[in-house]
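Observations on the three-dimensional arrangement
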Amino acid sequence: MIRHHLPALLVVVPLGTGLALPLLATLSSRLAWPATVAAGAVTAALAVAGVFQVLAGGPVHYAVGGWPPPWGIELVLDPLSAFVAAVVAAVSTCSLAYAGGLDDPALRGRLGGGPALCLLLLAAMMGIVVTGDLFNLFVFLEVAALATYALIGAGGGRALLASFRYVILGSLGASFYLLGVGLLYALTGTLNMADLAARLPAAEASRLVPVAVGLIVMGLGIKMGVAPLHGWLPDAYTYAPPAVVALLAPVATKVAAYALARILFSVLGVSFVLDASVLGGALAWLGAGSILVGGIMALRQDDLRRLLAYSSVSQMGYIVLGIGLATANSLAGAYLHILNHALMKGCLFFVAGAAALRLGGTALADLRRMHRLMPVTTACLVVAALSMVGIPPAGGFFSKWYLLLGAVESGHWVFAGVILAGGLLAVVYMFRVLEHVCLEPRAADDHGGGHARVGRKDASPAVLLPLVVLAVGIVAAGIFNASIVNGLLRLAASVGVG
Amino acid sequence: MSLDLSVLAGEAVYLVAFGLLALGIFALIAHGNLMKKVIGLTIFQTAVILFFVATSAKWQATLPIVPEAGAAGPAAGYMNPLPHALMLTAIVVMVATLGVALALLVRLHRRYGSFEEDDLLDRVE
């Protein structure tokens, strides 16, 4: 019974809870966060059940409102969407638990507006992942973006300006996407992805197809925050409330990357990406540029959150590079990196938020002596940093390994070099953070009491628990990478091949 | 000697739409005033909507309303209603975006007393 409705439930559970939350909050505002986390956990459980469902019984199709596709909107759980849905829901649940534990004053509105917007964002992200309709995807993109604008703006001050910049760029991106979809619709007369894939070969000769695809790639590129389309990202991640960044940074940009992979491989097909256009090469170069630009900019930052934001630009580059190379290994690497980067960037931004709360700031100089003050948090920071750098058994190593295999197999030695160079850049910027964390404060900052032992002031258990869960997840994703890749991602990467 | 404009008969509306797209982007890039950026964005989004709606037009077709059940003629005799329906949704999305953008601007203006990006960047330490 429930298995037929699984794709719809992934959207309905967070959406319904999010809309009911203001009512619940009028009863007792204390219930808001626990209800939010519970909705997230139910969504995550359903998404994980969806993965096993897909592995056991093949893709699940759901016709919304009983209207059969291609007329109605279709929701699809196939290996790729089930995997991304599980990653997004599980990591978001940790983020929601963390946000509830942090109890950010910026999200403490009387009517539970903060948690409700978080759930709206989660519902929209799940919608982007499961939808099989190009226009529906636009609507979910915009719902996610609207929730994001409001959540970033909740920070006040500089966050308002950062949010406004994202409103302008994000809407521009969504409009580009919509224009591309409009061209495809004008050519084929359908918006359903599977139907479009069947009809597109007849229209492929048209010069409008590359234009449409270019517009879609540009629009989604802005949402993904790959250089040079990342203008909104560093400010948004630096000034938004810590609880919001903890939700945005791990998953929001990945969802746009998923949408790109879905359209390129399910609708257009690998042969279009690699043969029929310069698209694959252009995407690979875009990703390679993003790896280097993000990494080099991260080196120049003196604030942990800004450094992590540029590191996100760099890591998104890996995913785009994997999609652009479009070999079995590079796609498996790109999809695995969606999981690994969600885990490690979530972990790192959790640490940044906890540090902002306890140490009074996230400038690298503020982090000194953190290893004494916040030992558990620092341990998680180290695990995530090792994953970012790519040291086994942390997960980050394996996704980059598959990407490297993909680049070498297809003879793209330049991209193999870029992947390694990106890893080296990550070594430098992450170890710069660790160096500050393990340093003693400058003598001048000690105000005389320098030798007195400062008591531990690690974050509260409610904040530490999701942090530790993600840190364990990073290692687990590394240890079980072979079963994830062979059991699920090979299937996901075969979408659109042949 | 009269200029033959029949080439433009079907395409003029697309030229207008793409002209508006360019105008919107220009306003987004060229203006430092955030309110003017919002106006540019609105022009851009409206152009996308115009483009969509224009794709539904057909020569010698009528409104897609069937007076009584079973009385529908061939599909070629009706305009395509789907782009209009899609654009209703897109307009709702656009209005919501515009509302959020204006709300952010109101809060920025209350706090820093300006819409000029340069002033704001100075005042937001």
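See the structure above.
Calculation rules
Residues numbered from 1 in each chain as written. Chains lettered and ligands numbered in written order. Predicted model: local features only at pLDDT ≥ 70, side-chain atom pairs only at ≥ 80, totals over all residues. Helix = DSSP H or I, 4+ residues; strand = E, 2+ residues; numbered from the N terminus. Rg over C-alpha atoms; globule rule 2.2 N^0.38 Å. Buried ≥ 20, exposed ≤ 12 C-beta atoms within 10 Å, placed from the backbone. Contact = placed C-beta atoms within 7 Å. Axes fitted to C-alpha atoms, helices over the stretch in contact; angles between N-to-C directions. Parallel < 35°, antiparallel > 145°, perpendicular 65-115°, else oblique. Nonpolar A, V, L, I, M, F, W, Y, C, P; charged D, E, K, R; others polar. Expected span 1.5 Å × (residues − 1).

Turning next to the overall build of chain B. If you tally the helices and strands in chain B, you get four helices and zero strands. For 125 residues, the compact-globule estimate of 2.2 N^0.38 gives 14 Å, and the C-alpha radius of gyration of chain B, at 21 Å, exceeds that figure by more than 25%. For chain B, the spread of C-alpha atoms along the three principal axes comes to 65 × 50 × 15 Å. Going through the 125 residues of chain B one by one, you find that 22% of them count as buried.

Quick look at the overall build of chain A now. Within chain A, the regular secondary structure consists of 20 helices and two strands. Radius of gyration (C-alpha) of chain A: 22 Å, near the 23 Å computed for a compact globule of 498 residues. When the backbone C-alpha atoms are referred to their principal axes, chain A occupies close to 80 × 60 × 40 Å. Restricting the contact set of chain A to residue pairs at least 6 apart, pairs at least 24 apart contribute 81%.

This brings us to the packing of helix α17 (residues 395-409) of chain A against helix α18 (residues 413-438) of chain A. Residues and elements named next belong to chain A. Where α17 meets α18, the axes come as close as 8 Å, and the angle between the chain directions of the two elements is 160°. Taken together, the axes of α17 and α18 lie roughly antiparallel to each other. Of the residues in α18, those in contact with K400, L403, L404, A407 and V408 of α17 are F415, A416, I419 and G423. A breakdown of the residues in the contact of α17 with α18 according to their chemical character gives seven nonpolar, one polar and one charged.

Another point: unusual backbone geometry. All names here are of chain A. With an omega dihedral of 5°, the bond running from A227 to P228 counts as a cis peptide bond. One can find P228 in the loop between α8 (208-224) and α9 (233-239). Non-glycine residue D103 carries a positive phi angle of around 50°. Structurally, D103 can be placed in the loop between α3 (79-102) and α4 (113-130). Of the residues examined, D103 has 15 C-beta atoms within 10 Å and is grouped as partly exposed. Positive phi values are uncommon outside glycine, yet A326 reaches one of about 55°. Along the chain, A326 turns up in the loop between α13 (304-325) and α14 (328-359).

Attention shifts here to helix α6 (residues 158-188) of chain A. Residues and elements named next belong to chain A. Compared with the 45 Å implied by 1.5 Å per residue over 31 residues, the 45 Å span of α6 between its first and last C-alpha is a close match. Within α6, 27 of the 31 residues are buried, which leaves it mostly tucked inside the rest of the structure. At the C-terminal side of α6, G189 shows a positive phi close to 75°.

Before going further, it helps to examine helix α2 (residues 34-54) of chain B. With 21 residues, α2(B) ought to run about 30 Å at 1.5 Å a step, and its terminal C-alpha atoms sit 30 Å apart, in line with that. Residues of α2(B) that are buried include every one of B:L34, B:K37, B:V38, B:G40, B:L41, B:F44, B:Q45, B:A47, B:V48, B:I49, B:F51 and B:F52, and no others. Against α6 of chain A together with α1 (12-30), α3 (82-112) and α4 (117-123) of chain B lie the buried residues of α2(B).

What follows is about the environment of A:V428. Relative to the helices and strands, A:V428 resides in helix α18. The spatial distance from the C-alpha of A:V428 to the C-alpha of A:A365 is 17 Å, given a sequence separation of 63 residues.

When the parts of a complex come together, some accessible area is lost, and that lost area is often taken as the interface size. The partner chain A presents 22 residues to the 24 residues of chain B that form the contact. Counting residues per element, the side of chain B that touches chain A draws most heavily on α3(B), at twelve residues. Among the residues making up the side of chain B that touches chain A, the classes are represented as 18 nonpolar, four polar and two charged.

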